[in-house]
Amino acid sequence: GNSVTQMEGPVTLSEEAFLTINCTYTATGYPSLFWYVQYPGEGLQLLLKATKADDKGSNKGFEATYRKETTSFHLEKGSVQVSDSAVYFCALSGMNRDDKIIFGKGTRLHILP
Amino acid sequence: NAGVMQNPRHLVRRRGQEARLRCSPMKGHSHVYWYRQLPEEGLKFMVYLQKENIIDESGMPKERFSAEFPKEGPSILRIQQVVRGDSAAYFCASSPSWGTEPDTQYFGPGTRLTVL
C-alpha cells in the first residue's frame, strides 16, 4: 500500500540556515504530494503541493519538487526564521477519488535566534 | 470564506462518559475526514464521510467510536465510555467535491480531549 517516510526530528538550526527535510514515498501510479505545517496548539495548514512529476510546489520561501525517479518530495528553504519553528508533515494522496491522505510521522523543527 | 470549524476546542471528560466532537466543513465542501493525533506522533486516519454516507472507516476502533455527517448540520465524532487512552487531539478536515480540488484537505484547529 501507499506509505510516506520522512526524516525523524527534532531538527535544530540557527536562524538563516539552509533547511532540508527529506521525504520519500511508496505508491502506485501518480499520487499527489503535500507538505503540511502544524504550529504549536494549532491544526495542520497546507504549505505546498505538487500533483505530477517534476512539479515544484512553493510557498512562504519553502519549495519541494516531485521527483518520480527517486520517489521523493524533499522540503527546502534557503534561510529559515524563528517563526518557521513547527512540525512539518509530508503526505500523499492516491489517484482515486476516495483514496485517503497518508501522512508521514512529522518532523519537528526548532529554529534558534 | 470561513475555514473548517471544530468545537469544542478543549474537552475534559471522566472515564466512562461520552465525548461528542463537532466539525463544520468549509462552505461548499461535502467531504469530511477525522484524524487522531497522539502526543509527539503523526496523524492517524480514522474515518472519511460524505453527506449521509460513511466512505471509509478503516481507521476507526471497532467499539465505542462512531461518526456521522448528516444532511444538515455538522459532522459528529462520538466516543462512548471514554478511557484515558482516548486522550488526544482530534482533527477534522474537509475537501471539495470531485472535479474541483478533490485531493486537498483543509484542517480545522482540532479538539483536544482529556480523559481524567
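Above this note sits the structure.
First things first, this report covers the structure right here in the doc. Please read all numbers here as calculations on a predicted model, not as lab measurements. (Residues numbered from 1 in each chain as written. Chains lettered and ligands numbered in written order. Predicted model: local features only at pLDDT ≥ 70, side-chain atom pairs only at ≥ 80, totals over all residues. Heavy atoms only, no water.)

## Some thoughts on the overall build of chain B
Rules: Each helix corresponds to a stretch of at least 4 residues labelled H or I by DSSP, and each strand to a stretch of at least 2 residues labelled E; elements are numbered beginning at the N terminus. To get the radius of gyration, use the C-alpha atoms; to get the globule rule, take the number of residues to the power 0.38 and multiply by 2.2 Å. Here the open area of atoms and residues is found with the Shrake-Rupley method and a 1.4 Å probe, where only the protein chains shown may cover a residue. Residues counted as positive are Lys and Arg, residues counted as negative are Asp and Glu, and His and the chain ends are not counted. Throughout, a charge is located at the NZ atom of Lys, the CZ atom of Arg, the CG atom of Asp or the CD atom of Glu.
For chain B, the count of helices and strands is zero helices and eleven strands. Ordered by position from N to C terminus, the α and β elements of chain B give β-β-β-β-β-β-β-β-β-β-β. What you see for chain B is a C-alpha radius of gyration of 14 Å, in line with the 13 Å of a compact globule of 116 residues. With the C-alpha coordinates of chain B rotated into their principal frame, the extents come out at 45 × 25 × 25 Å. About 5,900 Å² of surface is accessible on chain B, with carbon and sulfur atoms providing 47% of the total. Of the side chains in chain B, 16 bear a positive and 12 a negative charge, and the two mean positions are spaced by 9 Å.

## Focus: the pairing of strand S5 (residues 43–50) of chain B
Remember that side chains alternate between the two faces of the sheet whenever the strand is regular. Residues and elements named next belong to chain B. Worth spelling out the cut-off: The buried label goes to any residue with under 20% of its type's maximum accessible area, the exposed label to any with over 50%, and the partly exposed label to all in between, with areas taken from a 1.4 Å probe on protein chains only. Two strands form a pair only when DSSP identifies at least two bridges running between them.
Along S5, six of the eight residues are buried, which leaves the element largely enclosed by surrounding structure. The pairing of strand S4 (residues 31–37) with S5 spans seven bridges and is antiparallel. Residue pairing for S5: tyrosine 35 is matched across the bridge by phenylalanine 45. Counted along the chain from S4 to the antiparallel partner S5, the turn is five residues long, and its residue glutamate 40 has a positive phi close to 60 degrees. Bridge count between S5 and strand S6 (residues 53–56): three bridges; the pairing is antiparallel. Each bridged residue has a counterpart across the sheet, and for tyrosine 48 the counterpart in S6 is aspartate 56.

## What about the pairing of strand S5 (residues 32–38) of chain A?
Residues and elements named next belong to chain A. Counting buried residues along S5, seven of its seven residues qualify, which places the element largely inside the surrounding structure. Here S5 shows a buried face lined by Ser32, Phe34, Tyr36 and Gln38 and a second buried face lined by Leu33, Trp35 and Val37. For S5 and strand S10 (residues 86–93), the ladder comprises seven bridges, and the chain directions are antiparallel. Bridge pairing links glutamine 38 to valine 87 in S10. Bridging between S5 and strand S6 (residues 44–50) involves six bridges; their strand directions are antiparallel. For glutamine 38, the partnering residue across the bridge sits in S6 and is leucine 44.

## Quick look at the sheet that holds strand S3 (residues 19–21) of chain A
All names here are of chain A. Note the following rule: Note on geometry: axes are lines fitted to C-alpha atoms, helical ones only across the stretch in contact, with angles between N-to-C directions running from 0 to 180 degrees.
Reading across from one edge, S3-S9-S8-S7 is the order of the four strands in this open sheet, with antiparallel pairing throughout. Both edges of this open sheet fall to S3 and strand S7 (56–59), since each of them pairs with a single strand only. When strand polarity is set aside, the average angle formed by the axes of neighbouring strands in this sheet is 20 degrees. Where strand S8 (residues 62–65) meets strand S9 (residues 75–77), three bridges bridge the pair, whose relative direction is antiparallel. When the sheet's bridge partners are listed, alanine 64 is paired in S9 with leucine 75.

## Looking at the interface of chain A and chain B
Note the threshold: Should any heavy atoms of two residues lie within 4.5 Å, those residues are counted as being in contact. What gets called buried area is simply the loss in accessible area from a 1.4 Å probe that two parts show on being joined, summed for both. When a carboxyl oxygen of Asp or Glu is within 4 Å of a side-chain nitrogen of Lys or Arg, the pair counts as a salt bridge. Between N or O atoms, a polar contact is any pair within 3.5 Å; within protein, one atom must be a potential hydrogen donor and the other a potential acceptor, and residues adjacent in sequence are included only when both atoms are from side chains.
Tallying the contact residues gives 21 residues for chain A and 29 residues for chain B. Between chain A and chain B lies a buried interface of about 1,800 Å² when both sides are counted; carbon and sulfur atoms form 49% of it. Applying the counting criterion to the chain A and chain B interface returns zero salt bridges. Remark: the boundary between chain A and chain B carries two residue pairs in polar contact (both at pLDDT 80 or more). The element that contributes the greatest number of residues to the side of chain A that touches chain B is S5(A), accounting for four residues.

## Quick look at the environment of Ile102(A)
All names here are of chain A. Residue placement: isoleucine 102 occurs in strand S11 (residues 101–103). Take isoleucine 102: its relative accessible area is 23%, and that puts it in the partly exposed class. Sequence separation between isoleucine 102 and valine 4 is 98 residues; the distance between their C-alpha atoms is 6.8 Å.

All quantities given are derived from atomic positions and should not be read as evidence of function.
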